[in-house]
Amino acid sequence: MKHINNMLGLFDRDCWTRVGFGWEKSTLWKAMYWGFEVLKERDAEAQALKDNVNGTGTDVTENTDADGAYETEEDVSPYVAISKIERFHWACYILNWMDDSTEFHAYIKNGNECFRHRPNVAEEVEKFLLKPFSEAENRLMVEALGEQYASNWAKIAEKERKETFNRYGSELVALITNERNDGDEIEQALSDNDWNWTAFGEDVAKTLAVKVAGAMEYLPKKYGYTTPWVISTCGNLAMIEKVCAVD
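Small disclaimer: the values here were computed from a predicted structure and weren't measured. (Residues numbered from 1 in each chain as written. Predicted model: local features only at pLDDT ≥ 70, side-chain atom pairs only at ≥ 80, totals over all residues. Heavy atoms only, no water.)

1. Focus: the overall build of the protein
For step 1, the next point in the chain: Along its length, the protein carries nine helices and four strands.
For step 2, the next point in the chain: Helices and strands in the protein line up, N terminus first, as α-α-β-β-α-β-β-α-α-α-α-α-α.
For step 3, the next point in the chain: The burial tally for the protein puts 32% of its 247 residues in the buried class.
For step 4, the next point in the chain: Split by element, the accessible area of the protein, about 15,900 Å² in all, is 51% carbon and sulfur. (Helix = DSSP H or I, 4+ residues; strand = E, 2+ residues; numbered from the N terminus. Buried < 20%, exposed > 50% of the residue type's maximum accessible area, 1.4 Å probe, protein only. Areas by Shrake-Rupley, 256 points an atom, 1.4 Å probe, with all protein chains shown as cover.)

Okay, here's the thing in structure tokens:
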């Protein structure tokens, strides 16, 4: 937790102005990705339970070695021990901190209070679930499959995306909104101290470091290496970068 708090504690209004929007979008993307995985996992578990009740379920196959010990197909490696729901909660924890940092989101312009644009969850979820193939992906498919087959593939994929959005879109928006606002499960996890805080810190640092490095390169080139506010802001960003680099 100390690593996370150190990174968050170094933020001020100037740092947020330079990297906050991009960082928030990246964090929201994580919440969407892992939240989507959680919802699909819940559906799979519900279907498995239904199949089991109906007598059509399947168990994990088991093999015994010469000593009679059981070896299952389940991967129990410590490197996959972090659950999807925990990773989802990490993202919501950071989003909640961003929501609470109200001083970052307002500024005075010409004597009037203005509010910065922030990513809209519903809009971002729609883009996330309905995202079409990129030009590069389309070219690759045409080269690999031929124009006609690639076109048919793209049509089926578009239909699939729409079905996915209709099934999960509103549920994913609600999941993210509720968890970042109420956070009952997060509060319980914090109380129980059962998160992998080391992995959480590394996850946040990896994303944030990219945003900070980009800002530190861009600002002096754009506004000058002798501009006082650039020197001050880059100095603060450098402190964040230093904390992000801690093992």
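2. Let's talk about a negative patch on the surface
For step 1, the next point in the chain: Taken together, the side chains of Asp182, Asp184, Glu185 and Glu187 make up a negatively charged region of the molecular surface.
For step 2, the next point in the chain: Here Glu187 shows up in helix H7 (residues 184-192). (Patch = residues over 30% accessible without salt bridge, like charges linked within 9 Å, V, L, I, M, F, W, Y side chains within 5 Å. Salt bridge = Lys/Arg side-chain N within 4 Å of Asp/Glu carboxyl O. Lys, Arg positive; Asp, Glu negative; His and termini not counted. Charge placed at Lys NZ, Arg CZ, Asp CG, Glu CD.)

3. A few points about the side chain of His89
For step 1, the next point in the chain: Mapped onto the elements, His89 comes out in helix H3 (residues 84-100).
For step 2, the next point in the chain: Residue classification places His89 among the buried positions, given a relative accessible area of 5%.
For step 3, the next point in the chain: Aside from chain neighbours lying at most four places away, what touches His89 is Glu179, Glu185, Ile186 and Trp195. (Contact = heavy atoms within 4.5 Å.)

4. Describing the nonpolar core
For step 1, the next point in the chain: Judged by nonpolar contacts, the single largest core of 51 residues is most densely connected at Phe11, Trp23, Ile176 and Phe200.
For step 2, the next point in the chain: Going through the elements one at a time, helix H1 (2-9), helix H2 (13-53), H3, helix H4 (121-130), helix H6 (147-181), H7, helix H8 (197-223) and helix H9 (228-244) are the ones with two or more residues in this core.
For step 3, the next point in the chain: No other element matches the ten residues that H2 contributes to this core.
For step 4, the next point in the chain: Discounting residues that sit within four places of it in the chain, Phe11 has contacts with Trp16, Val19, Trp23, Trp97, Phe104, Leu208 and Ile240. (Core = buried A, V, L, I, M, F, W, Y, C linked by side-chain atoms within 4.5 Å.)

5. Overview of the pattern of salt bridges
For step 1, the next point in the chain: Inspection of the entire model under this criterion finds 14 salt bridges.
For step 2, the next point in the chain: Measuring nitrogen to oxygen at the nearest pair gives 3.7 Å for the salt bridge that ties Glu24 to Arg180. Highlighted residues: Glu24 in helix H2 and Arg180 in helix H6, separated in sequence by 156 residues.
For step 3, the next point in the chain: Classification of Arg180 as buried rests on a relative accessible area of 7%.
For step 4, the next point in the chain: Linking Lys84 and Glu41 is a salt bridge whose minimum nitrogen-to-oxygen distance equals 3.8 Å. Of the two residues, Lys84 is situated in helix H3 and Glu41 in helix H2; the sequence distance between them amounts to 43 residues.
For step 5, the next point in the chain: If you follow the salt bridges from partner to partner, you end up with Glu24, Asp99, Arg118 and Arg180 in one network.

6. Notes on the pairing of strand E4 (residues 112-115)
For step 1, the next point in the chain: Across four bridges, the pairing between strand E3 (residues 106-109) and E4 is antiparallel. Bridged to Tyr107 within E4 is Cys114.
For step 2, the next point in the chain: The hairpin turn running from E3 into E4, its antiparallel successor, is two residues long, and Asn110 in that turn takes a positive phi close to 55°. (Pairing = 2+ DSSP bridges.)

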